[in-house]
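Coordinate inspection notes
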Amino acid sequence: MSELQISTQSPAHDLTPNLTQELAEQIAHELTHGEQIPIAFLVRDQTIYFSRAEMRAHTPYSPVVHLIQGIYDLDPLNAFRFVRKRIYTTARLTPMCLGMVKVAAQRVSELSRPRDHQLKFHFDLREIIPRKMLPSALTQLFLNQSPIRFQSVPEAMNHARALTHQVSQAEQRYESDRPIAALLLSRDLKLLEFAVNTNARNRTLHAEVNLIQTYYARTGSAVPSDSFIISTRKPCRMCAGMIWHCAEDIQNLNIIYDEEDTGPNARSTILNAESYDRKRFVSAPHLISLQPEKRLTESVAKARSPLDLISVI
Ligand SMILES: [Zn+2]
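Residues numbered from 1 in each chain as written. Predicted model: local features only at pLDDT ≥ 70, side-chain atom pairs only at ≥ 80, totals over all residues.

**Topic: the overall build of the chain**
When helices and strands are counted, the chain shows twelve helices and ten strands. Considering only contacts in the chain between residues 6 or more positions apart, those separated by 24 or more positions represent 68%. (Helix = DSSP H or I, 4+ residues; strand = E, 2+ residues; numbered from the N terminus. Contact = placed C-beta atoms within 7 Å.)

**Some details on the nonpolar core**
A general trend in soluble globular proteins is that nonpolar side chains are found buried together. Judged by nonpolar contacts, the single largest core of 84 residues is most densely connected at Phe41, Val64, Ile68, Ile71, Met100, Ile230 and Ile243. What isoleucine 230 contacts, discounting residues up to four positions off in sequence, is Ala156, Met157, Ala160, Ala182, Leu183, Leu185 and Ile256. (Core = buried A, V, L, I, M, F, W, Y, C linked by C-beta atoms within 7 Å. Buried ≥ 20, exposed ≤ 12 C-beta atoms within 10 Å, placed from the backbone.)

**Some remarks on the sheet that holds strand E2 (residues 47-52)**
Pairing within the open sheet is mixed, and its five strands lie in the order E4-E3-E1-E2-E5. On the outer flanks of this sheet lie strand E4 (108-110) and strand E5 (124-127), each paired with one strand and no other. Between one strand axis and the next, the sheet turns by 25 degrees as a mean value, whatever way the strands run. Across four bridges, the pairing between E2 and E5 is parallel. Paired with phenylalanine 50 across the bridge in E5 is glutamate 127. Where helix H2 (residues 63-74) meets the sheet, its contacts fall on strand E1 (39-44), E2, strand E3 (87-89) and E4, and the angle it forms with E2 comes to roughly 125 degrees. (Pairing = 2+ DSSP bridges. Axes fitted to C-alpha atoms, helices over the stretch in contact; angles between N-to-C directions.)

**Describing the environment of glutamine 69**
Looking at the secondary structure, you find glutamine 69 in helix H2. Judged by the 26 C-beta atoms lying within 10 Å of it, glutamine 69 falls in the buried class. For the pair glutamine 69 and leucine 205, spaced 136 residues apart in sequence, the C-alpha separation works out to 8.4 Å. For glutamine 69, the contacting residues outside a window of four places in its chain are Arg131, Asn202 and Thr204.

Spatial relationships are all this shows, so hold off on functional conclusions.
Here's what the structure looks like:
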């Protein structure tokens, strides 16, 4: 299959007007054909770019995620301008979708009811095929045959810090980017997956997104209950949203980070109790006050297991 190029001669000046609600509903109506599979789309340069995907609990994909990641993959140089157009989706928005929109795109609207308004439109159609996130054979061999088990959370963090040296200069394209690595550990601190930031060409590929999507591709599993996510930096809004969405049981997940991130995208995320994102998506009081994310402090450093961690906080 030949690679689809997003065609544009003047990417900064798209003449496609913003859609009316009725026209967006009409497009959604025609794209879904009454099927139940949700879609996401945006219109740019007289072309509708769209993705479809089932919404599954604890899975790191949705139509919005496919659309944004797919557009970055297809045309890294122009993608950011494309995804600044309003994205419409017939799926229920999750913290994962909203986080990715806020960090790597701009605006999104839910279209709860695609409808036939008898409107005509003359746009081209381009389906954005989901990206494939596959771990290298070497990684697979490494994780399956040479399991690493850490003695402590600080030891795991040291391993993550060492991994940041694997992040190339090319990946540090944006001012806000630094070498970042993330690990997924089992309850007994066995290494389940690792990843680094690779967002030079695709703004969505932060270390934690790579971690969760690669783990899912390899195992077909959610982020396991009682596991640890270790990150060298406080997860941003996008990564936090994906962690929250993909956790098998967010009440039994521990996110430990090293450096603070004072940027606007990480100050208050869904992983932080009482945050705006938390209140938007959660109503149960015990979930509003949950704080699964902790900075690596001396008391956290002493923890050897999730149970220890609960006792030292
Ligand atoms: Zn992030």
